[in-house]
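Chains, contacts and geometry: an overview
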Amino acid sequence: MPEPAPSTPAKALNVRDAAAQLDVTPRTLKYYEELGIVVPARSEGGYRLYEQADLDKLSRALRMRSLGFSLAAITAMLQQPMEAPPGGGRPRMSDASLKTLRGTLSEQLAALDARVAQVKRELKDAAAMQAQLKRDLDYVERRLAGEPVEAALEGHRKAKKKTP
């Protein structure tokens with residue numbers, strides 16, 4: 001009697017299902033594999049099998065990408081070499097890998113800090129524009145309600161003084 005084929009781990013997903021879960025195309029996952037960000041297991045038939053650790057790593061890479069991190073920086077952060085500690089145990093990053101990662105993370109953190117500052121400035125500008133549009137709308141509503149021009153303008157001026 002032939003030996004049964006090894007079963008696929010329950011949580012492993014094929015490329016189509018993994019892509020659907022991450023809301024990307026299968027080609028994106030294959031490209032991230034080409035970059036070395038993840039290396040999914042393979043079935044006996046050669047199909048990619050993504051485990052939860054792969055999905056977590058891909059999810060992090062996708063979040064970083066959406067925040068403007070370059071693929072080179074993402075790859076550098078997520079593809080650090082591991083070494084087995086003396087006496088066995090779980091593989092860990094070497095001191096050299098940790099130092100490289102520290103530099104990369106510091107650079108990316110600075111870039112992200114700059115992006116956060118930019119977004120804060122944009123939000124401040126948007127809030128100012130929002131206040132202006134509300135004042136303008138109030139003026140138009142007053143005029144359409146039959147208020148005289150001078151009274152509507154006076155209300156517009158007062159509203160402008162109240163907002164920073």
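Residues numbered from 1 in each chain as written. Predicted model: local features only at pLDDT ≥ 70, side-chain atom pairs only at ≥ 80, totals over all residues. Heavy atoms only, no water.

**A look at the overall build of the protein chain**
Put simply, the rule reads: A helix here means a DSSP run of H or I that spans at least four residues, while a strand means a run of E at least two residues long, and both kinds are numbered starting from the N terminus. Only the C-alpha atoms count toward the radius of gyration. The rule for a globule is 2.2 Å times the residue count to the power 0.38.
The helix and strand inventory of the protein chain stands at six helices and four strands. Counting from the amino terminus, the protein chain carries its helices and strands in the arrangement α-α-β-β-α-α-β-β-α-α. The globule rule puts the C-alpha radius of gyration for 164 residues at 15 Å, and the 28 Å found for the protein chain is more than 25% above it. Seen along its three principal axes, the alpha-carbon backbone of the protein chain occupies a region of about 95 × 45 × 25 Å.

**Some details on the side chain of D54**
To keep things clear, this is the line we draw: Each residue gets one of three labels from its accessible area relative to the maximum for its type: buried under 20%, exposed over 50%, partly exposed in between, using a 1.4 Å probe on protein chains only. A positive count includes Lys and Arg, and a negative count includes Asp and Glu. His and the chain ends are not counted in either. Definition used for salt bridges: Asp or Glu carboxyl oxygen within 4 Å of a side-chain nitrogen of Lys or Arg. Residue contacts are defined here by distance: any two heavy atoms, one from each residue, within 4.5 Å place the two residues in contact.
Structurally, D54 is set in helix α3 (residues 52–66). The buried charged residue D54 lacks any salt bridge partner; its closest oppositely charged side chain belongs to K57, at an N-O distance of 6.8 Å. Excluding residues that lie within four positions of it along the chain, D54 makes contacts with V38, V39, P40 and L49.

**Notes on the nonpolar core**
Cut-off, in case you're wondering: For the purposes of this section, nonpolar cores are sets of buried Ala, Val, Leu, Ile, Met, Phe, Trp, Tyr and Cys residues that join through side-chain atoms within 4.5 Å.
Ranked by size, the top nonpolar core spans 20 residues in total, and within it L29, I37, Y50, L58 and I74 carry the most contacts. When contributions to this core are tallied by element, the ones reaching two or more residues are α1 (15–22), α2 (26–35), α3 and α4 (71–78). In this structure, L58 is in contact with L22, L29, Y32, V38 and Y50, ignoring residues within four places of it in sequence.

**Here's the deal with the packing of α3 against α4**
For clarity, the cut-off: Geometry is summarised by axes, namely lines fitted to C-alpha atoms with helices restricted to the contacting stretch, and by angles between N-to-C directions that run from 0 to 180 degrees. Take the far helix as the reference: if the near one is turned anticlockwise from it by less than a right angle, the crossing is left-handed, and if turned clockwise, right-handed. Residues are sorted three ways: Asp, Glu, Lys and Arg are charged, Ala, Val, Leu, Ile, Met, Phe, Trp, Tyr, Cys and Pro are nonpolar, and all the rest, Gly among them, are polar.
Two elements in contact, α3 and α4, have axes whose closest approach is 10 Å; the angle formed by their N-to-C orientations is 145°. With respect to the hand of their crossing, α3 and α4 are arranged in right-handed fashion. Contact residues: α3 offers K57, R60, A61, M64 and R65, while α4 offers L71, I74, M77 and L78. Its residues assigned to classes, the contact of α3 with α4 comprises six nonpolar, no polar and three charged.

**Structural notes on helix α6 (residues 149–162)**
To be explicit about the condition: Here the expected length of a helix is defined as 1.5 Å per residue gap, with one fewer gap than residues. An arc is given here, and it is the one of the directions from the helix axis to the C-beta atoms.
Its 14 residues place the ends of α6 20 Å apart at the C-alpha level, agreeing with the 20 Å of an ideal helix rising 1.5 Å per residue. Three or more residues of α6 are buried, namely A152, G155 and H156. Down the axis of α6, the smallest arc covering the buried residues is 100°, so these residues share one side. Turned more than 90 degrees from where α6 packs its buried face, E150 and K161 sit exposed.

**Concerning the confidence of the model for the protein chain**
We apply this condition: A score from 0 to 100, pLDDT tells how confident the predictor is in each residue.
Scored by pLDDT, the protein chain has a mean of 86; 91% of the residues are at 70 or more. Here strand β3 (residues 82–83) stands out as the element of the protein chain with the lowest mean pLDDT, 70, in contrast to α1, whose mean of 96 is the highest. Contacts of residues 1–9 to residues separated by more than four positions or lying in other chains number four contacts, the stretch itself having pLDDT below 50.

**What to know about unusual backbone geometry**
For D23, which is not glycine, the phi torsion reads 60° and is therefore positive. Looking at where D23 falls in the secondary structure, it is placed in the loop between α1 and α2.

**A word on the environment of R16**
Test applied: Identification of polar contacts relies on pairs of N or O atoms within 3.5 Å, with a donor-acceptor requirement for protein atoms, meaning one able to donate a hydrogen and the other able to accept it, and with residues adjacent in sequence counted only if both atoms are side-chain atoms.
Tracing the backbone shows R16 in helix α1. Residue R16 is classed as exposed on the basis of its relative accessible area, which comes to 55%. For the pair R16 and R48, spaced 32 residues apart in sequence, the C-alpha separation works out to 9.5 Å. Engagement of the side chain of R16 in a polar contact is seen with the side chain of D17, the distance being 3.3 Å.

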